[in-house]
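Descriptive structure summary
Each chain is listed here by its residues.
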Amino acid sequence: MYSTSKESHYTRKLGRKDVVVGLQWGDEGKGKLIDWLSKNQRYDVVARFNGGANAGHTVVVGDQTYKLRLLPSGIVSGKHAFLGSGMVLDLEQLNEEIKPFDKSATISFGKNAHIVLPIYKQMDSEKNAHIGTTKNGIGIAYELKANRSGIRLQDIWSNDLNSKLERLNSTLLERGYELNTTKVRQYLESYGLWMRPHTFEDSPFLKDKVQNGGNILIEGAQGLMLSLDWGTYPYVTSSDMSAPSAYASLGLTKSDSDQVFGVTKAYITRVGGGILPTELHLSNKYSDLTSDTVSAIDLLTLDPSDETTALKLVKDGKEFGTVTKRLRRVGWLDLPQLKYAIKLNDVSGVAITKVDVLSGLDEVSLATKYKFNDGSEYMGDDTKGYPSVSKFEDGFNLEYKTFSGWDDISSDWDKTKTYLDFIQDYIGIPIVLVSYGPKRSQTMTFPEGI
Ligand code: GDP
Ligand code: IMO
Ligand code: MG
């Protein structure tokens, strides 16, 4: 016979565990969406589950711009921030980033998160230049985690920190690097000891919130095409940011009512090496382009060409890395790629950002089909995985659909909507949010789709 308290346990309303993931090669505007959701929907905790200070998530509130690399974007609207065990933490960066929120924020950590030591950044710069990494030591930290030599958050206050540092040092010595273990211990203690009372095991910590009716928003970093498992390997980051991984790495499972929000730009960008099938190439004369030099270019004086369109996207989209300031490669929206990412993540609603950046183009295109030299084709089909990098290297063509452009989203809404309708029909998932500027107010929602 169940007691009354047991019955109330089973009938109690559980909280939601929704997730936001990037659907392209990162920088889709996840920070803006997470801030918008945190502000406008009832979430209690915003939890990040992967990556480290390679991420750069921008949140604009009034005149203030936050560029968050480790802290979940929900912290800006005062939500409880949780940095999960699947992350790799640069403690110095964390201490710096926390400063504006010092007094107001509630922040907790997963106890198995790995630490990125300063030497890892040097190793990353020296060993991984061919990938075009952010040089934040991300790959090194995940490598040492898999190798069982890494230092975790909970190790900072464990009795055997010294022996763990010795073991790490012997691994690094094999690779030609040496740790000053005394200095590293001091570094860990000075930046990390304060975190001890805020450190928990992810799964029980988050499940307790959900069981008490709290809603969790899970924040992905990067985008699916940078996934170690599902992206364009080896030109990827060193973690998996897919929605299934989001739940797994926080020790949670997805319920049917949980929502997966996928974010895409209305076009596409990528930083670093690797394929970008719909890329609009810039010639070498623009290889040193900076945000200052591009803003001085008068696009009206240039002949219409793919390069002029690329310059327009870079200029109006301010396509320079949030963290590294590197020029982002740009291109048309790639629907086969987008559909692949939507299927893999089981996305329930799509947010499309930077629609305003396309304003002013005579024509707007998007790719609808890949055609490879071996005769095969790809449209993001359910039954096929994303084509391998070598298939692209063997040669391919793209089929595009072109739309007439618009000058202004609100006065030319019918034309904008024609473009968005086509995307929604192709992907078969509702577009629930359209962003047309970095501010919170520059957002339209469509709960049932466009
Ligand atoms: P994240 O890594 O996915 O969070 O994206 P980033 O913050 O790295 O890059 C997105 C950039 O676009 C940021 O500078 C945002 O402020 C900006 N942004 C987001 N949404 C929009 C939009 O709808 N229009 C414009 N023009 N900028 C946007
Ligand atoms: P957010 O969360 C865009 C890219 C790097 C490089 C590759 C590997 O802001 O979308 P890494 O330093 O992770 O080993 O670099 O991954 N990359 C990103 N590109 N946005 C990001 O994060 C990225 N995080 C990593 O440019 O090509
Ligand atoms: Mg970013």
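Up top is the structure.
Residues numbered from 1 in each chain as written. Chains lettered and ligands numbered in written order. Predicted model: local features only at pLDDT ≥ 70, side-chain atom pairs only at ≥ 80, totals over all residues.

Let's talk about the sheet that holds strand S11 (residues 260-265)
In a beta sheet, neighbouring strands pair by backbone hydrogen bonds and run either parallel or antiparallel. Note the following rule: Paired strands are those between which DSSP finds at least two bridges. Only DSSP runs of H or I covering at least 4 residues are called helices, and only runs of E covering at least 2 are called strands; the numbering of each starts at the N terminus. Contact between two residues is assigned whenever their backbone-derived C-beta positions fall within 7 Å. Fitting a line to C-alpha atoms yields each axis, with helices limited to the stretch in contact; the angle taken between N-to-C directions then spans 0 to 180 degrees.
Across the sheet, 10 strands lie side by side as S9-S7-S5-S2-S10-S1-S11-S15-S19-S20; this open sheet has mixed pairing. Of all strands in the sheet, those bounded by a partner on one side alone are strand S9 (199-200) and strand S20 (443-445). Docked against the sheet, helix H12 (residues 335-345) engages strand S1 (17-22), S11 and strand S15 (349-353), running at close to 165° with respect to S11.

What to know about the pairing of S11
Put simply, the rule reads: With C-beta atoms placed from the backbone, a residue is buried if 20 or more other C-beta atoms are within 10 Å of its own, exposed if 12 or fewer are, and partly exposed between those counts.
Burial runs high along S11: 6 of the 6 residues are buried. The side-chain alternation of S11 yields two buried faces, one formed by Val260, Gly262 and Thr264 and the other by Phe261, Val263 and Lys265. Note that S1 and S11 share 4 bridges and pair parallel. If you follow Val20 over to S11, its bridge partner there is Phe261. Relative to S15, S11 is paired through 5 bridges, and the arrangement is parallel. The residue bridging Gly262 from the neighbouring strand is Val350, located in S15.

Observations concerning the environment of Phe446
Secondary-structure assignment places Phe446 in the segment after S20. Judged by the 14 C-beta atoms lying within 10 Å of it, Phe446 is partly exposed. Separated by 246 residues in the primary sequence, Phe446 and Phe200 place their C-alpha atoms 37 Å from one another. The contacts of Phe446, once residues within four sequence positions are left out, are Ile431 and Val432.

Points about the nonpolar core
The criterion, for reference: For our purposes the nonpolar core covers buried Ala, Val, Leu, Ile, Met, Phe, Trp, Tyr and Cys residues that link as a set through C-beta atoms within 7 Å. An automatic or database domain assignment supplies the start and end points of every domain.
Grouped together as the largest cluster of nonpolar side chains are 110 residues, with contacts concentrated most on Val21, Leu33, Ala47, Leu89, Tyr267 and Val350. Here this core takes 6 residues from H12, the largest share from any one element. Counting contributing residues, this core receives three or more from each of domain 1 (14-262) and domain 2 (265-445). Discounting residues that sit within four places of it in the chain, Tyr267 has contacts with Leu313, Val330, Gly331, Trp332, Leu333, Val357 and Leu358.

A word on the site of ligand 1
Worth spelling out the cut-off: The C-beta atom of each residue is placed using the backbone, and any residue whose C-beta lies within 6 Å of a molecule or strand is treated as near it. We call Asp, Glu, Lys and Arg charged. Ala, Val, Leu, Ile, Met, Phe, Trp, Tyr, Cys and Pro are nonpolar, and the rest, Gly among them, are polar.
Near ligand 1 there are 22 residues, and of these Lys30, Gly31, Thr58, Ser435 and Pro438 occur at the shortest range. Counting only elements with at least two residues in the shell around ligand 1, the list comes to helix H2 (30-40) and strand S3 (57-61). Grouping the amino acids of the shell around ligand 1 by side-chain chemistry returns 4 nonpolar, 11 polar and 7 charged. There are two domains that each give the shell around ligand 1 at least three residues, and those are domain 1 (14-262) and domain 2 (265-445).

A few points about the pairing of strand S10 (residues 216-219)
For a regular strand, side chains alternate in direction, first toward one face of the sheet and then toward the other. With burial as the criterion, each face of S10 is covered, one bearing Ile216 and Ile218 and the other bearing Leu217 and Glu219. Bridge analysis of S1 against S10 gives 4 bridges, and the strand direction is parallel. Paired with Asp18 across the two strands is Leu217, which belongs to S10. Looking at chain direction, strand S2 (residues 45-48) and S10 are connected through 4 bridges and run parallel. Directly across from Arg48, in S10, lies its bridge partner Glu219.

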